[in-house]
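# Breakdown of the fold
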Amino acid sequence: MAQVVGIEIEDGVAVIVADNPPVNALSADMRNELMWAIETAEADDDVTAIVVHCAGRTFFAGADIREFDKPPAPPMLPDLIDRIEASSKPVIAALHGTALGGGFEVALGCHFRVAVASAKMGLPEVKLGLLPGAGGTQRLPRLIGPQKAADMIVSGDPIPAGKALELGIVDEIVDEGSGGDLRAAAVAFAKKAVVEELPIRRISQIDDGIAAARSDMAAFDEHAAGLLARKKGLDAPRACIDSVKNAILLPFAEGLVKEREFFMELKNGVQSAAQRHLFFAERAAQRVDDMPKDVKPGKVDKVAVIGAGTMGGGIAMAFANAGIAATLIDVKADALERGLATIRKNYERTAARSGKGEDWVNERVARITGADSLQAVSDADLIVEAVFEDMALKKQIFGDLDRLSKPGAVLATNTSTLDVDEIAAATGRPESVVGMHFFSPANVMRLVEVVRGAKTGFEALSTAIAVSKQIGKVPVTVGVCHGFVGNRMLYARTRQVERAMLEGGSPQAIDKAMTDFGFAMGPLAVSDLAGIDVGWRARKQVGSTIAPVADALAEMGRFGQKTGRGFYLYSEGSRRGEPDPDLNALIAGIAAEKGVTRREVPETEIVERLIFAMVNEGARILEEGIAARSSDIDVIWVFGYGWPVQRGGPMFHADQVGAGVVAGRLSELAEACGDETLQPAPLLAKLAADGGTFGKL
Ligand code: 3HC
């Protein structure tokens, strides 16, 4: 016994020390040994109080998520926590790092909580498609009131120790900055509890927080409705609310049983499987399998961003937000001025919305310096080129960067489609060139496709990955091809969106099919928002004819919201599109020209056409090695394109449907409309034949 948990006695206080790197997850071994430790400490007559403390970087960061796919092994976490709470000797939790999920629930089962100032705590289960399943939904409302508890449980966002103290979750904060020591402080608290005979506080027996709510359920329901309004399509937030409501209405023990039922139901459902898949996929995506262990990313203190347009400005903001100084360069003085003014305006808007002051704005703006000459790259550790998509221009810039930037600087291009190898060849140091494809708005969207060229060196690659993480992004390494992973699959979908329109699907029907599937907006509403001209110009450059309807609208100057007309009509100042009664005739005309017979297109067919075409392209991308793993594709679509998290990403979704079904349906669609791109990719066909899954790739 005692492999991950030990007991150390200090002045009559039993300090239970858990040590299960990296995050002290509450695995079956951990639960077993904690049960042993609490029982041993309680039975020891020399022990007067107990402290639960974790070694390493954090207090328990939750249940062991990897165990969720295995049969449950006793002792179950709620039973362990009940046992801790039932202790006749005071139990004090000593919190540091991130006390999350089941870890926070353990802390709530203890009678008192002492935390370091830097600790964070919360119940992020909802982000895994779950609800807290070890008493969190029953104890937290009793401690801080159901509305505040619902806020924490439905958002899943952790709170800092200071806030927890304010809310009455934490009893004492230890300031490590002034030399405070958590373990010593927790032991001191334990001794005080004994000497002063502090009443043992079992949260399950507190009624104060919920009594008031019980007499005004309407107020709770209204609050809950507000929280759920932006959680459409997700099962977990609803269950969180129902369970918190049980805390108000039912005795503790009954509420706990119901919470467990909700938990098991969600855990066994596809939404949680999808969100757990994404949790691990996000982490796996940051690994480059052939990266030698001794490669260390370079330090990035100074960044230069070339091009003061929307992308360049957003990228500069993304660095400034993380405290990294950025020089925004544009050789056109007026464009630079406009870019800097937009950045200030964006910060002012954020400040106004979130109640931040002028100082906050000034501090961020001060991190971004404007320059109108490329010479300004000379001291940058990382240079991100974000000018418009023109190969000749990019090559010229990279030639200049080769002359002007310091040795070892990472030269990144934000191209969304162009050949990174060709751009790298314009320099004498292709090993320093890498793609960093940000997504608009770059200060908000979390995905960065890190494009690894044929000659990109490991140093440059690891620096691009590390700095992306440093600024809070999710980097995914991809290979070179037109559109990389995300846009290449987007084009495959666009082709089918257009085909569906030509065959008879209205823009409203197509958008509805995708919002019913779980996207926040349909593809055509998104086109109107982003500007139909953007894709039209890009397609013209490469002579693409995949989008005849969008191109026809753009030719007519119907660019979407900004011109008041696109796939929808927008009245002055409105962002709500109304159907255009004339559009059908325009589309019918194009269909006639192309010899496409129009018919009623059912919603299921729209979904299959759009989604399976993406899966098919994803399969080709995997075959070609452009993405290293199928889960990388899922991460790209969730973090860059708003793929609904509860569906886990296109490749995860394909596995749910089954490769055989996807391939079969694609063959039928290809046959029916003569679109060869819909023929199942060899990899998909193979999985279909073998009964295989993308999840294994
Ligand atoms: N279970 C299993 N493995 C976990 C884990 C968990 N709860 N939390 C983290 N890990 C693993 C990660 O997969 C990663 O493994 P890898 O090195 O093999 O990729 C490793 O621990 C380190 O994690 P991160 O790379 O994420 O490290 P960070 O320092 O960036 O973040 C963290 C640490 C904030 C704790 C973050 O890992 C995190 O948010 N973890 C999940 C927390 C969570 O969701 N807890 C609730 C779990 S559900 C639950 O408790 C149910 C209960 O109510 C019954």
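Residues numbered from 1 in each chain as written. Predicted model: local features only at pLDDT ≥ 70, side-chain atom pairs only at ≥ 80, totals over all residues. Heavy atoms only, no water.

## Quick look at the overall build of the protein chain
Looking only at helices and strands, the protein chain has 29 helices and 19 strands in total. Over its C-alpha trace the protein chain gives a radius of gyration of 28 Å, about what one expects of a compact globule, namely 26 Å for 697 residues. Expressed as lengths along the three principal axes of its C-alpha atoms, the size of the protein chain is roughly 90 × 60 × 55 Å. In the protein chain, which comprises 697 residues, the share counted as buried stands at 54%. (Helix = DSSP H or I, 4+ residues; strand = E, 2+ residues; numbered from the N terminus. Rg over C-alpha atoms; globule rule 2.2 N^0.38 Å. Buried < 20%, exposed > 50% of the residue type's maximum accessible area, 1.4 Å probe, protein only.)

## Here's the deal with the domain arrangement of the protein chain
Domain annotation of the protein chain identifies domain 1 (5–268), domain 2 (302–480) and domain 3 (487–696). Taking only C-alpha atoms, the centre of domain 2 and the centre of domain 3 are 30 Å apart. In this assembly, 15 residues from domain 2 lie in contact with ten residues from domain 3. Here domain 2 packs against domain 3, burying approximately 1000 Å² in sum over the two surfaces, 63% of which is carbon and sulfur. Put simply, domain 2 and domain 3 have zero salt bridges between them. At the junction of domain 2 and domain 3, the tally comes to three residue pairs in polar contact (both at pLDDT 80 or more). At four residues, the largest contribution of residues to the side of domain 2 that touches domain 3 is made by strand β17 (residues 474–478). Counted by class, the side of domain 2 that touches domain 3 contains seven nonpolar, five polar and three charged residues. (Domains from an automatic or database assignment. Contact = heavy atoms within 4.5 Å. Buried area = accessible area lost by both parts, 1.4 Å probe. Salt bridge = Lys/Arg side-chain N within 4 Å of Asp/Glu carboxyl O. Polar contact = N/O pair within 3.5 Å; in protein donor to acceptor, adjacent residues only side chain to side chain. Nonpolar A, V, L, I, M, F, W, Y, C, P; charged D, E, K, R; others polar.)

## A word on helix α16 (residues 391–404)
Along its 14 residues, α16 runs 20 Å from first to last C-alpha, staying within 8% of the 20 Å computed at 1.5 Å per residue. Listed as buried for α16 are Met 391, Lys 394, Ile 397, Phe 398, Asp 400, Leu 401 and Leu 404. Close packing links the buried residues of α16 with β10 (302–306), β13 (382–385), β14 (410–413), α17 (420–424) and β15 (433–438). Residue Asp 390 occupies the N-cap position of α16, its side-chain oxygen lying 3.0 Å from the main-chain nitrogen of Ala 392. (Expected span 1.5 Å × (residues − 1).)

## Examining the pairing of strand β6 (residues 112–116)
Taking burial as the measure, the five residues of β6 include five buried ones, the bulk of the element. Both strand β4 (residues 91–95) and β6 contribute to a ladder of four bridges, which runs parallel. Across the sheet, Ala 94 pairs through a bridge with Val 114, a residue of β6. (Pairing = 2+ DSSP bridges.)

## Quick word on a nonpolar patch on the surface
Nonpolar side chains collect at one region of the surface, where Met 521, Val 526 and Leu 529 lie side by side and expose about 220 Å² of accessible area between them. Mapped onto the secondary structure, Met 521 falls in the loop between α20 (507–517) and α21 (523–530). With relative accessibility at 34%, the residue Met 521 sits in the partly exposed group. (Patch = residues over 30% accessible without salt bridge, like charges linked within 9 Å, V, L, I, M, F, W, Y side chains within 5 Å. Areas by Shrake-Rupley, 256 points an atom, 1.4 Å probe, with all protein chains shown as cover.)

## Concerning the sheet that holds β4
Spatial strand order, β1-β2-β3-β4-β6-β9: six strands in an open sheet with mixed pairing. Two strands lie at the open edges of the sheet, namely β1 (5–10) and β9 (172–174), each paired on one side alone. Going from strand to strand, the sheet's axes swing by 25° on average, the running direction of each strand aside. Sheet topology note: the strand β3 (residues 49–54)/β4 ladder contains three bridges and is parallel. Its bridge partner lying in β4, Val 52 is registered against Ala 93. (Axes fitted to C-alpha atoms, helices over the stretch in contact; angles between N-to-C directions.)

## Observations concerning the site of the ligand
The environment of the ligand is formed by 26 residues, the closest being Arg 57, Gly 102, Glu 105, Glu 125 and Arg 283. Take Gly 102: an N or O atom from its main chain is 2.8 Å from an oxygen atom of the ligand. Take Glu 125: an N or O atom from its side chain is 2.5 Å from an oxygen atom of the ligand. Protein coverage of the free-state accessible area of the ligand, which is 990 Å², stands at 75%. Top contributing element to the shell around the ligand by residue count: helix α12 (residues 270–284), with three residues. Broken down by class, the residue content of the shell around the ligand amounts to 14 nonpolar, five polar and seven charged. (Near = heavy atom within 4 Å.)

## Side note on the environment of Val 154
With respect to the helices and strands, Val 154 occurs in helix α5 (residues 146–155). Val 154 sits in the buried class, given a relative accessible area of 2%. Sequence-wise, Val 154 and Ala 247 are 93 residues apart; in three dimensions their C-alpha atoms are separated by 15 Å. Discounting residues that sit within four places of it in the chain, Val 154 has contacts with Val 126, Leu 227, Lys 231, Pro 237, Cys 240 and Ile 241.

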